[in-house]
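# Fold and contact review
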Amino acid sequence: MGKLLLSADGDIMLYEVNKKILDDFDNLIDQFFQWKKTNCYDEQLFVKFLQQKYENIKWYKF
């Protein structure tokens with residue numbers, strides 16, 4: 001497991017994620033931009049995308 005800090009001009013959220021997510025982060029961002037259906041998005045939408053690909057993502061408000 002690893003830690004990931006995400007923010008979209010608001011509170012910083014700390015996520016505990018599988019190391020595979022951290023290792024493949026750049027590719028996942030590219031996939032996310034293809035997946036999203038709107039020009040407006042935040043870290044919660046990105047996390048929703050990750051949760052669909054990987055189960056058991058834990059999150060903690062930092």
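Please read these numbers as outputs of a predicted model, since none were measured by experiment.

### Observations regarding the pattern of salt bridges
Applying the stated criterion across every chain yields a total of two salt bridges. In this structure, the salt-bridge partner of Glu16 is Lys3, at a minimum N-O distance of 3.5 Å. Separated by 13 residues along the polypeptide, Glu16 in strand 2 (residues 13–17) and Lys3 in strand 1 (residues 2–6) bring together distant segments of the chain. Overall, Glu16 belongs to the buried group, its relative accessible area being 15%. By relative accessible area, which is 53% here, Lys3 ends up exposed. A salt bridge links Lys19 to Asp23, with the nearest nitrogen and oxygen atoms 2.9 Å apart. Of this pair, Lys19 and Asp23 are both found in helix 1 (residues 19–23), four residues apart, which corresponds to roughly one turn of the helix. Classification of Lys19 by relative accessible area gives partly exposed; the value is 48%.

### Considering the nonpolar core
Membership of the largest hydrophobic core comes to 14 residues, with the highest contact counts inside it found for Tyr15, Ile21 and Leu50. For this core, the elements supplying multiple residues, two or more each, are strand 1, strand 2, helix 2 (25–35) and helix 3 (43–53). Top contributing element to this core by residue count: helix 3, with four residues.

### Observations concerning the packing of aromatic side chains
Enumeration over the complete set of coordinates arrives at nine aromatic pairs. Pairing Phe25 with Phe46 gives two aromatic rings, centres 5.8 Å apart and planes at 85 degrees, and the pair type is edge-to-face. Of this pair, Phe25 sits in helix 2 while Phe46 sits in helix 3, placing them 21 residues apart in sequence. By relative accessible area, which is 7% here, Phe46 ends up buried. Taken together, the aromatic side chains of Phe25, Phe32, Phe33, Trp35, Tyr41, Phe46 and Phe49 make up a single cluster linked through ring pairs.

Parameters and conventions
- Residues numbered from 1 in each chain as written.
- Predicted model: local features only at pLDDT ≥ 70, side-chain atom pairs only at ≥ 80, totals over all residues.
- Heavy atoms only, no water.
- Salt bridge = Lys/Arg side-chain N within 4 Å of Asp/Glu carboxyl O.
- Helix = DSSP H or I, 4+ residues; strand = E, 2+ residues; numbered from the N terminus.
- Buried < 20%, exposed > 50% of the residue type's maximum accessible area, 1.4 Å probe, protein only.
- Core = buried A, V, L, I, M, F, W, Y, C linked by side-chain atoms within 4.5 Å.
- Phe/Tyr/Trp six-rings, centres within 6.5 Å; stacked < 30°, edge-to-face > 60°.

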